[in-house]
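Examining the three-dimensional arrangement
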Amino acid sequence: MALSPVTQSYFTELAWLSSGWARNVTLEVCDGKIHQVEPNSQRQEGAICLNGPVLPTIANLHSHAFQRVMAGMAEVNLNPNDSFWSWRDLMYKVVQKLNPDDARVIAKKLYIDMLKAGYSQVGEFHYLHHDVGGKAYGQVNEMAQQLIMAGDEAGIGVTMLPVLYSHSGFGGQDPNAGQARFINSTDSYLTLHQACETMMAGADRHRLGICFHSLRATTQDQIERVLATLDCQKVVHIHIAEQQKEVQDCLAWSGQRPVEWLHNHVGLDSRWCLVHATHLTEEELKDIANTGAVAGLCPTTEANLGDGIFPGVDFEKLGGVWGIGSDSHVSLSLVEELRTLEYGQRLRDQQRNRLYRADQT
Ligand code: NGQ
Ligand code: ZN
């Protein structure tokens, strides 16, 4: 006999709704979903009282779940010239150790912690596809399945972003040994994507997007073919312009900077999420803002890896759209993400209260 889902009422004296702050709000929750929101109501018998202001959760737009297991491991002085790139070497060593069960267990614990931190959806930028030798698993989406299972067990919505990763540097350079578990051709990527599509059909909690690891890891032909083949409604994520070296390498290869190149050669629109997008000229900043592409900011990871400071004040003035991701999960605190973002702007400008809009006084 199927049990009918239980409805539970919650009551709070203060909640932030789409219309702004509201008082004495009753929320009716059924089967994990809010079905009704009633401001200016009386607390009903049996309603659970929520203390303090109630805020909506936000989406965590950038996650590499497995990296949670190494949070803290890289905070020791192993190398006097420690950098983003030496951190990446350590990350590649961690990757060598993880089997599908590990990936699920790490992700499940992480996703529970995300829910506690106030995130209810996560963009999983997933590139750990193959076995330790770089061979595809019997089911090509084995690792993606583990992540979706983790999302189901934890109760978080996963926007699965299977990553196309083929090269080690601009211009289609051969991948290196540490990247073996990530590598797909365009064809094998499309097969993987189809397997994810099948796996996720009917899973209304989850979403599926398109993802290119970076302009370092994919070529123009690959990007164009994937975009031409897959559903053009899907979101498209990419890492871009995170490190100065990446910008310099892109200039050496093409004469253009990463965001400039992407805008000129592929085109941007509101489906795109440009993850990190740290090093930008004024022109590039305008291109992102004007096309409605999202700047995917990961302030605590970007600070941890010594990336640089996003030009947030100028982007706000342009009305740009941005969101937050916890990326390597060196921190899982929304407050810390927002504070790091704001404080970076203050440290650069030697001023206070930098990120606000004109209508916020
Ligand atoms: C990643 N993480 O793919 O996990 C990257 C590092 C790379 C960040 N960019 C590796 N934060 O970009 O090559
Ligand atoms: Zn990332």
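Before reading further, recall that the structure is shown in the block above.
First things first, this report covers the structure right here in the doc.

**Brief notes about the nonpolar core**
- Tyr111, Phe212, Leu262, Trp272 and Leu274 are the most contacted members of the largest nonpolar core, which totals 56 residues.
- Filtering out sequence-adjacent residues up to four positions away, leucine 262 remains in contact with Leu215, Ile238, Ile240, Gly267, Leu268, Trp272 and Leu274.
- Counting 30 residues, the second largest nonpolar core, distinct from the first, contains Tyr92, Tyr127, Leu161 and Val294.

**Considerations on the coordination of the zinc ion (ligand 2)**
- Of the protein atoms, only His62 (NE2), His64 (NE2) and His239 (NE2) coordinate the zinc ion (ligand 2), at distances of 2.0 to 2.1 Å.
- Between the donor residues of the zinc ion (ligand 2), the gaps in sequence give the motif H-x1-H-x174-H. Within this pair, whereas histidine 62 is found in strand E5 (residues 58-63), its partner histidine 239 is found in strand E10 (residues 236-240), the two being separated by 177 residues in sequence. For the residue pair histidine 62 and histidine 239, the accessibility class agrees, reading buried in each case.

**Some details on empty space enclosed by the protein**
- Applying the stated criterion across every chain, the model contains 3 cavities of 30 Å³ or more.
- Of the volumes computed, that of the largest cavity is approximately 190 Å³.
- Taken together, 18 residues form the lining of the largest cavity, with Phe84, Trp87, Met91, His213 and His239 sitting closest to its centre.
- Class assignment for the residues of the lining of the largest cavity results in 8 nonpolar, 6 polar and 4 charged.
- Computed from the structure, the second largest cavity encloses a volume of approximately 100 Å³.
- Taken together, His64, Ala65, Phe66, Ala103, Ala107, Glu124, Phe125, His126, Tyr127, Leu128, Met143 and Leu147 make up the lining of the second largest cavity.
- Ranked by the residues each element gives to the lining of the second largest cavity, the list is headed by strand E6 (residues 119-126), at 3 residues.
- Classifying every residue of the lining of the second largest cavity by side-chain character gives 9 nonpolar, 2 polar and 1 charged.

Scoring rules and cut-offs
Residues numbered from 1 in each chain as written. Chains lettered and ligands numbered in written order. Predicted model: local features only at pLDDT ≥ 70, side-chain atom pairs only at ≥ 80, totals over all residues. Heavy atoms only, no water. Core = buried A, V, L, I, M, F, W, Y, C linked by side-chain atoms within 4.5 Å. Buried < 20%, exposed > 50% of the residue type's maximum accessible area, 1.4 Å probe, protein only. Contact = heavy atoms within 4.5 Å. Donors = N, O, S within 2.8 Å, 3.2 Å for Na, K, Ca; no water. Helix = DSSP H or I, 4+ residues; strand = E, 2+ residues; numbered from the N terminus. 1 Å grid on protein atoms, 1.4 Å probe; cavity = no way out; pocket = protein on both sides within 12 Å on 5 of 7 lines; lining within 4 Å. Points joined across faces, edges and corners; volume = space filled by probe spheres on them. Nonpolar A, V, L, I, M, F, W, Y, C, P; charged D, E, K, R; others polar.

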